[in-house]
Amino acid sequence: QYPRNPHLQGKVSFNYSNHDGHYRIGEGDSEFLTKWSAAGSTSIHCYNDGNVSIAIAPLAVALKNITDASLLDFTSRTRTPQINQIVIVENQCGRYAALKIIQINNHPDINQLVFEYWILPDGSDDFSLLT
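Sequence order sets the numbering: in each chain, residues are counted from 1 along the sequence as written. Under the rules for a predicted model, residues below a pLDDT of 70 receive no local features and side-chain atom pairs below 80 are neither given nor counted, while totals for whole chains, interfaces and linings still include all residues. Side-chain metrics in this entry use all non-hydrogen atoms of the structure; hydrogen atoms and water are not considered.

### Digging into the packing of aromatic side chains
Move 1: Centres within 6.5 Å are what make two rings of Phe, Tyr or Trp a pair, Trp counting through its six-membered ring; a difference in plane orientation under 30 degrees is then read as stacked, over 60 as edge-to-face, and the rest as tilted. Taken as a whole, this structure holds 6 aromatic pairs when the rule is applied.
Move 2: Aromatic side chains Phe14 and Phe115 sit 6.4 Å apart centroid to centroid with 90 degrees between the ring planes, which places their arrangement in the edge-to-face category. Linking Phe14 in strand 2 (residues 9-15) with Phe115 in strand 10 (residues 111-120), this pair joins segments that are 101 residues apart in sequence. In this pair, the class of Phe14 matches that of Phe115, namely buried.
Move 3: Among the aromatic side chains, those forming a connected cluster through ring pairs are Phe14, Tyr23, Trp36, Phe115 and Tyr117.
Move 4: Of note, Lys35 hangs over the ring of Tyr47, and the distance from its end group to the ring centre comes to 5.9 Å. To qualify as a helix, a DSSP run of H or I must reach at least 4 residues; to qualify as a strand, a run of E must reach at least 2; elements of each kind are numbered from the N terminus. Accessibility here uses a 1.4 Å probe with only protein chains present; expressed as a share of the type maximum, an area under 20% marks a residue as buried, one over 50% as exposed, and anything in between as partly exposed. Charge over a ring is defined by NZ of Lys or CZ of Arg lying within 6 Å of the ring centre and within 35 degrees of the ring normal.

Right, here's the structure in full:
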């Protein structure tokens, strides 16, 4: 069983060395299985292995400026966002989530990722409505 937060928005802190890097957010049609691995002190790898498609917004783009998430590039298996960058995830039900990378800690004993997330449960792709 993967660690999870079932809420539509929240802040997550977890050790991505465990559970093969998986973390689940949301539930039902608005559920997303994310997967992560180490990339460096200011970036992290994110994968589409959990039946999701992934894209990253340009580094300086704020959540309120993502008005059509479907226009981002979802063509690769992996993306490498930096701290303060936003990952957009689309699940198999066509729902979108935005995950903002807050903190990355890489230590021999624990590899910790902290991100904030927002899920659009209505099938829209406009995150500006949340702000």
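### With respect to the sheet that holds strand 9 (residues 96-106)
Move 1: Paired strands are those between which DSSP finds at least two bridges. One open sheet holds the 5 strands; their spatial order is 2-10-9-8-6, and the pairing between them is antiparallel. Where the open sheet ends on each side, the last strands, each with one partner, are strand 2 and strand 6 (52-56). When strand polarity is set aside, the average angle formed by the axes of neighbouring strands in this sheet is 25 degrees.
Move 2: Across 5 bridges, the pairing between strand 8 (residues 86-91) and strand 9 is antiparallel. Opposite Ile88, over in strand 9, you have Ala98 as the bridge partner. Here the axes come from fitting lines to C-alpha atoms, over the contacting stretch only for helices, and the angles between their N-to-C directions go from 0 to 180 degrees.

### Brief notes about unusual backbone geometry
Move 1: One non-glycine residue, His19, adopts positive backbone phi at about 55 degrees.
Move 2: Given the relative accessible area of 40%, His19 is considered partly exposed.
Move 3: Backbone geometry places Asp20, a non-glycine residue, at a positive phi of 55 degrees.
Move 4: Checked against the element boundaries, Asp20 lands in the loop between strand 2 and strand 3 (22-25).

### Here's the deal with the pattern of salt bridges
Move 1: Any Lys or Arg side-chain nitrogen found within 4 Å of a carboxyl oxygen on Asp or Glu counts as a salt bridge. Inspection of every chain in the model, using the stated rule, returns 5 salt bridges.
Move 2: For Arg4, the salt bridge is made with Glu31, and the minimal N-O distance between the two is 3.3 Å. One end of the pair, Arg4, is in strand 1 (residues 4-5); the other, Glu31, is in the loop between strand 3 and strand 4 (32-38), with 27 residues separating them in the sequence.
Move 3: The class of Glu31 is partly exposed, set by a relative accessible area of 21%.
Move 4: The partner of Asp49 in a salt bridge is Lys35, and the shortest N-O contact between them spans 3.5 Å.

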